[in-house]
Amino acid sequence: MSSSDNAFLTALQLILHMDSDLFSIVTLSLQVSFVAVALAALAGLPLGAALALWRFPGRNGVIIVLNALMGLPPVVAGLCVYLLLSRAGPLGQLGLLFSPTAMVVAQFVLVLPIIASLTRQQVEALHDEYAEQLQSLGLSTTRMIPTLLWDARIGLVTVMLAGFGRASAEVGAVMIVGGNIDGVTRVMTTSIVLETSKGNLPLALGLGIILLALVTLINALAHLMGETAKRRLG
Amino acid sequence: MKKIAVVTSLSLLSLTWGGLALADDDYITLASTTSTENSGLFDAIIPQFTDKTDIDVRVVAVGTGQAFETARRGDADSLLVHDTAGEEQFVADGYATERLDVMYNDFVIVGPSDDPAGISNSDTVNEAFSSIAESESPFASRGDDSGTNRAELRLWEDAGVTPQGEWYRELGSGMGPTLNTAAGMHAYTLTDRATWVAFDNPQDLTLLFEGDDALFNQYGSLLLSAERHPHLKHDLAAQWHEWLVSEEGQQAIADYRLNGQQLFFPNAQ
């Protein structure tokens, strides 16, 4: 396919001749990971903040489990979601297996513990700092959650980036629940696995370079936004 | 400010979600093997089928063992694999109602070009396998219950060898990764010809033995049981099943060439 053995040249050629196949693979990768991270943030931010503020029996256990799940092997997450969504599984009726939605679910499972755990840490630190002030304002714990989340927002952007990194980089889960179907569920990481298995190493590495470049770009944007926000806050 | 942020992110989310919703065309999910996908066969024949019937075929390419399991759980509408004994068992178990020969190619033995076991002079595949075992030359086995893996284990049995020891390495990987690893550790391996011809990273690996009748590799299409899994798209899957063995489907398979070589030979009855 490529005349050159140089991965960087291959990557450059791929970008310059951006064909519709590659474009749809890149778009799908970003869509799936973005939606998964957004949903995980919707659930994980309040969950993390609640864990930071509420004391209840078994709280330490929940924290330990969430921390441990940050290291959940993607292939295990994928297998669980596969068994859940398979026709023979409890949610089989939905017919979601081998669809982008299934990939979102799997990445959600992977990202949620990261966002919830790291949010808890950030919010707890902030709470320790401002506990007296917040209490003097007479805020209930429930009202403190949005306030503290908002105050921690710059740090939380990094938390979400960590989640996005996990989602966009993993391959074990999306391979199992998506099936790497050409034009339907093929994303950057599963393409890299496929090209490697065909022995097309320069193309595989070229795709890897593009993926890395995209993630770098997203991180750079987030960093710029953070810097701007900090400056505005003085 | 907070509200704006929430509204913005929610609308962004729904936009992205809308983008994910797929066109609701007719399609079937086909569980098949990596050899048919990696060699480019499906890219060549599926568009012809789709042109004719407006049915898209979505291929999930896995090992034959996993393909059977996918179909058994009701997650695929159709099955195209290469393990005749396993396919017949699948029909006998009631998961499929019909099995048809579609095409064949053959397995070949590849290995390091200096051929430490001297198999290129072997007359039969039994002799080749015995030489590898006797010289304890490294052999990379798929070890993943795929069609190729099952064929390989039958060949050891035929050669009267129990493959075990330092030299016999079960990788638990697909054909491509196994070829990559075999190239890296100067090992012999059994591969289907299609994957071998399509493989771009042979390094020092070269084709050393071919042509024995025992290396015949038959692919079959299975019509899944409507009784067992009523929710599957049986009508559409039947059209694909019949097209594969039709004159047109057989011609499409015969016409496919990679690097000037025909990789699959239609042989529907």
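Residues numbered from 1 in each chain as written. Chains lettered and ligands numbered in written order. Predicted model: local features only at pLDDT ≥ 70, side-chain atom pairs only at ≥ 80, totals over all residues.

As named in an unreviewed UniProt entry, chain B is Tungstate transport system substrate-binding protein, taken from Vreelandella arcis.

Applied cut-off: UniProt positions are given in the numbering used here, feature names are shortened, and annotations may be inferred rather than shown by experiment.
The name an unreviewed UniProt entry assigns to chain A is Tungstate transport system permease protein, from the organism Vreelandella arcis. Looking at chain A in UniProt, the text filed under Subcellular location (unreviewed entry) is "Cell membrane". In UniProt, chain A has this text filed under Sequence similarities (unreviewed entry): "Belongs to the binding-protein-dependent transport system permease family."

Quick notes on the UniProt feature "transmembrane region" (unreviewed entry) in chain A
All names here are of chain A. What counts is decided by this rule: We count a stretch as a helix when DSSP gives it H or I for four or more residues in a row; a strand needs E for two or more, and each element gets its number in order from the N terminus.
UniProt tags residues 34–54, 61–85, 97–118, 154–181 and 201–222 as "transmembrane region" (unreviewed entry). Between the end C-alpha atoms of residues 154–181 there is a gap of 38 Å, over a span that is 82% helix and 0% strand. Summarising residues 201–222: 100% helix, 0% strand, and an end-to-end C-alpha distance of 32 Å.

Points about the environment of Leu223(B)
All names here are of chain B. The line we're drawing: Counting other C-beta atoms within 10 Å of a residue's C-beta gives its exposure: the residue is buried at 20 or more, exposed at 12 or fewer, and partly exposed in between, where C-beta atoms are placed from the backbone. We call two residues in contact if the C-beta atoms placed from their backbones are at most 7 Å apart.
If you trace the backbone, Leu223 turns up in strand E9 (residues 216–224). Assessed through the 19 C-beta atoms surrounding it within 10 Å, Leu223 is described here as partly exposed. C-alpha separation for the pair Leu223 and Ala128, spaced 95 residues apart in sequence, amounts to 37 Å. Excluding anything up to four places from it in sequence, Leu223 contacts Ala96, Thr97, Glu98, Ala237, Ala238 and His241.

Some points on the interface of chain B and chain A
This is how it is decided: Each residue gets one label: Ala, Val, Leu, Ile, Met, Phe, Trp, Tyr, Cys and Pro are nonpolar, Asp, Glu, Lys and Arg are charged, and the others, such as Gly, are polar.
Every contact between the two is made by 27 residues of chain B and, on the other side, 20 residues of chain A. Elements represented by at least two residues in the side of chain B that touches chain A include exactly helix H1 (2–20), strand E2 (56–62) and helix H8 (175–184) of chain B. Considering each element in turn, the side of chain B that touches chain A owes the most residues, seven residues, to H1(B). Residues of the side of chain B that touches chain A, tallied by class, amount to 10 nonpolar, 12 polar and five charged.

Some words on H8(B)
Residues and elements named next belong to chain B. Burial runs high along H8: seven of the 10 residues are buried. When we look at burial in H8, the residues that qualify are Met175, Gly176, Thr178, Leu179, Asn180, Ala182 and Ala183. Of the residues trailing H8, His186 is marked for its positive phi of about 50°.

Concerning the packing of helix H9 (residues 188–197) of chain A against helix H10 (residues 201–233) of chain A
A packed helix pair is summarised by two numbers, namely the angle formed by the two axes and the spacing between the axes. Residue and element names in this part refer to chain A. To be explicit about the condition: Orientation is described by lines fitted to C-alpha atoms, with helices fitted over the stretch in contact, and by angles between N-to-C directions that extend from 0 to 180 degrees. Under this scheme an angle from 65 to 115 degrees is roughly perpendicular, one under 35 degrees roughly parallel, and one over 145 degrees roughly antiparallel; angles in between are oblique. Note on convention: near helix rotated counterclockwise from far helix by under a right angle means a left-handed crossing. Clockwise means right-handed.
Relative to each other, H9 and H10 sit at 165°, their axes nearing to 8 Å. With respect to H10, the axis of H9 lies roughly antiparallel. Like other packed secondary-structure pairs, H9 and H10 cross with a definite hand, here left-handed. Contacts between H9 and H10 involve Met188, Ser191, Ile192, Glu195 and Thr196 from the first element and Leu201, Leu203, Ala204, Leu207, Gly208 and Leu211 from the second.

Considering the nonpolar core
Worth spelling out the cut-off: Each nonpolar core comprises buried Ala, Val, Leu, Ile, Met, Phe, Trp, Tyr and Cys residues, the members being joined through C-beta atoms within 7 Å. Note: domain ranges come from an automatic or database domain assignment.
Judged by nonpolar contacts, the single largest core of 134 residues is most densely connected at Val37(A), Val81(A), Ala106(A), Val111(A), Ile115(A) and Val177(A). Summarising the domain contributions, this core has at least three residues from each of domain 1 (24–104 + 217–266) and domain 2 (107–215) of chain B. The residues contacting Ala106(A), other than those within four sequence positions of it, are Ala77(A), Gly78(A), Val81(A), Ala173(A), Val174(A) and Val177(A).

Description of the UniProt feature "domain: PBP" (unreviewed entry) in chain B
The positions that UniProt labels "domain: PBP" (unreviewed entry) are, in the present scheme, residues 29–248 of chain B. Between the C-alpha atoms that bound residues 29–248 of chain B there is a distance of 21 Å. The span itself is 40% helix and 26% strand.

Considerations on the domain arrangement of chain B
Residue and element names in this part refer to chain B. What the domain assignment reports for chain B is domain 1 (24–104 + 217–266) and domain 2 (107–215). For domain 1 and domain 2, the distance between their C-alpha centroids amounts to 26 Å. On the side of domain 2, 16 residues touch domain 1, which itself brings 19 residues to the contact. Looking at the side of domain 1 that touches domain 2, the elements with two or more residues in it are helix H2 (34–38) and helix H4 (64–72). With three residues, H2 is the single largest residue contributor to the side of domain 1 that touches domain 2.

Brief notes about the pairing of E2(B)
All names here are of chain B. For clarity, the threshold we go by: Think of it this way: DSSP has to see at least two bridges between two strands before they count as a pair.
Where burial is concerned, most of E2 is hidden: five out of the seven residues are buried. Taken together, the seven bridges between strand E1 (residues 27–33) and E2 define a ladder with parallel strand orientation. Bridging across to E2, Tyr27 finds its partner in Asp56.

Structural notes on unusual backbone geometry
All names here are of chain B. The backbone phi angle of Asp115 is positive, close to 45°, even though this residue is not glycine. Relative to the helices and strands, Asp115 is located in the loop between strand E4 (96–112) and helix H6 (125–134). Non-glycine residue Asn259 carries a positive phi angle of around 50°. Among the structural elements, Asn259 can be located in the loop between strand E10 (257–258) and strand E11 (261–262). Its 7 C-beta neighbours within 10 Å are what place Asn259 among the exposed residues.

Observations concerning the pairing of E9(B)
All names here are of chain B. When strand E3 (residues 78–81) meets E9, the two strands line up antiparallel, connected through four bridges. The residue bridging Leu80 from the neighbouring strand is Ser221, located in E9. Bridge analysis of E4 against E9 gives nine bridges, and the strand direction is antiparallel. Looking at E9, one finds that Ala96 is bridged to Leu224.

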